Amino acid sequence: RFVANAFVALGHYYLDGIPNSQVAVSPDNAVRMFQHAASYFGDPEAQYQLAKLYLAGTGVERDAKRAVPWLVLAANKGHYQAQALLGRILFNGEHGVRQRATGLMWLTIACDGPGAKVPWIAHLRETAVQQASDDERAMAYIQLKRWVAGRHE
């Protein structure tokens, strides 16, 4: 865990640089640090950060098809920011992937716990609930029940 956290911290340092030091902004190095922690240690924060880099095209070619699997991995490990981002992508049909009920499910999961206190996450879920049809809300509820049951088996 400590080693994974160190790679994630280095990734953040390379994204932002460290003022008055020799650590300059280097998106390429950030990608390498997050990739290592995500792949070798299965670190959910690294998986989330790597997905964001793929979505933005920072240090890598912009590629949503490579981002979404990283979000799924982190989301399934309880990373509420990854859950919310995945939910938004699926609900809104961003990057050619549209699954409104599944997106609403992930947004609901993201709001269970600390994610409920994060304004952008709460707003995403509230907006999705308002925009979803009755059928989409019902399907999201069914999927949510299955997801919770699978976590307790």
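Before reading further, recall that the structure is shown in the block above.
Participant: Explanation requested: the overall build of the protein in the structure shown.
Facilitator: A tally of helices and strands in the protein yields eight helices and zero strands. Element order for the protein, N to C, with α for helix and β for strand: α-α-α-α-α-α-α-α. A globule of 153 residues ought to have a C-alpha radius of gyration of about 15 Å, and the protein, at 16 Å, matches this closely. Along the three orthogonal principal directions, the C-alpha set of the protein runs to about 55 × 30 × 25 Å. Out of the 153 residues belonging to the protein, those deemed buried represent 42%. Sequence separation of 24 or more characterises 49% of the internal contacts of the protein that already satisfy a separation of 6 or more.

Participant: Just checking my understanding: could you explain the nonpolar core for this structure?
Facilitator: Note that soluble globular proteins tend to have their nonpolar side chains buried in a common cluster. Among the nonpolar cores identified, the biggest contains 31 residues, and Phe34, Leu50, Leu55, Leu71, Leu86 and Trp106 are the most heavily contacted of them. Every element with two or more residues in this core is listed here: helix 2 (27-40), helix 3 (44-56), helix 4 (64-76), helix 5 (80-92), helix 6 (100-110) and helix 8 (134-151). Not counting residues up to four positions away in its chain, the partners in contact with Phe34 are Val8, Gly11, His12, Leu15, Ala46, Gln49, Leu50 and Leu53.

Participant: Quick question: what am I supposed to make of helix 6 here?
Facilitator: Two residues of an α-helix separated by three or four positions point the same way, owing to the 3.6 residues in each turn. Summarising burial for helix 6: ten of the eleven residues are buried, a large majority. Taken together, the buried positions of helix 6 are Arg100, Ala101, Thr102, Gly103, Leu104, Met105, Trp106, Leu107, Ile109 and Ala110. Considering only its buried residues, helix 6 is in contact with helix 4, helix 5, helix 7 (119-131) and helix 8.

Participant: Quick question: what am I supposed to make of the environment of Gln130 here?
Facilitator: Relative to the elements of secondary structure, Gln130 occurs in helix 7. Relative accessible area serves as the criterion here: at 61%, Gln130 is assigned to the exposed category. Spatially, the C-alpha atom of Gln130 lies 37 Å from that of Ala9, the residues being 121 residues apart in sequence.

Participant: Looking at this model, I keep getting lost on the pattern of salt bridges. Mind explaining?
Facilitator: If the charged atoms of two oppositely charged side chains come close together, the side chains can form a pair. For the coordinates displayed, the defined rule picks out four salt bridges. A salt bridge links Arg1 to Asp43; the nearest nitrogen and oxygen atoms lie 2.9 Å apart. Here the residue Arg1 occupies a position in the segment before helix 1 (2-16), and Asp43 occupies one in the loop between helix 2 and helix 3, the gap between them amounting to 42 residues. Overall, Arg1 belongs to the exposed group, its relative accessible area being 59%. What makes Asp43 buried here is its relative accessible area of 0%. The residue Arg137 makes a salt bridge to Asp134 at a minimum N-O spacing of 2.4 Å. Pair noted here: Arg137 and Asp134 are both in helix 8, with a separation of three residues, about one helical turn. For Asp134, a relative accessible area of 57% gives the class exposed.

Here is what the cut-offs are and how they apply
Residues numbered from 1 in each chain as written. Predicted model: local features only at pLDDT ≥ 70, side-chain atom pairs only at ≥ 80, totals over all residues. Heavy atoms only, no water. Helix = DSSP H or I, 4+ residues; strand = E, 2+ residues; numbered from the N terminus. Rg over C-alpha atoms; globule rule 2.2 N^0.38 Å. Buried < 20%, exposed > 50% of the residue type's maximum accessible area, 1.4 Å probe, protein only. Contact = heavy atoms within 4.5 Å. Core = buried A, V, L, I, M, F, W, Y, C linked by side-chain atoms within 4.5 Å. Salt bridge = Lys/Arg side-chain N within 4 Å of Asp/Glu carboxyl O.

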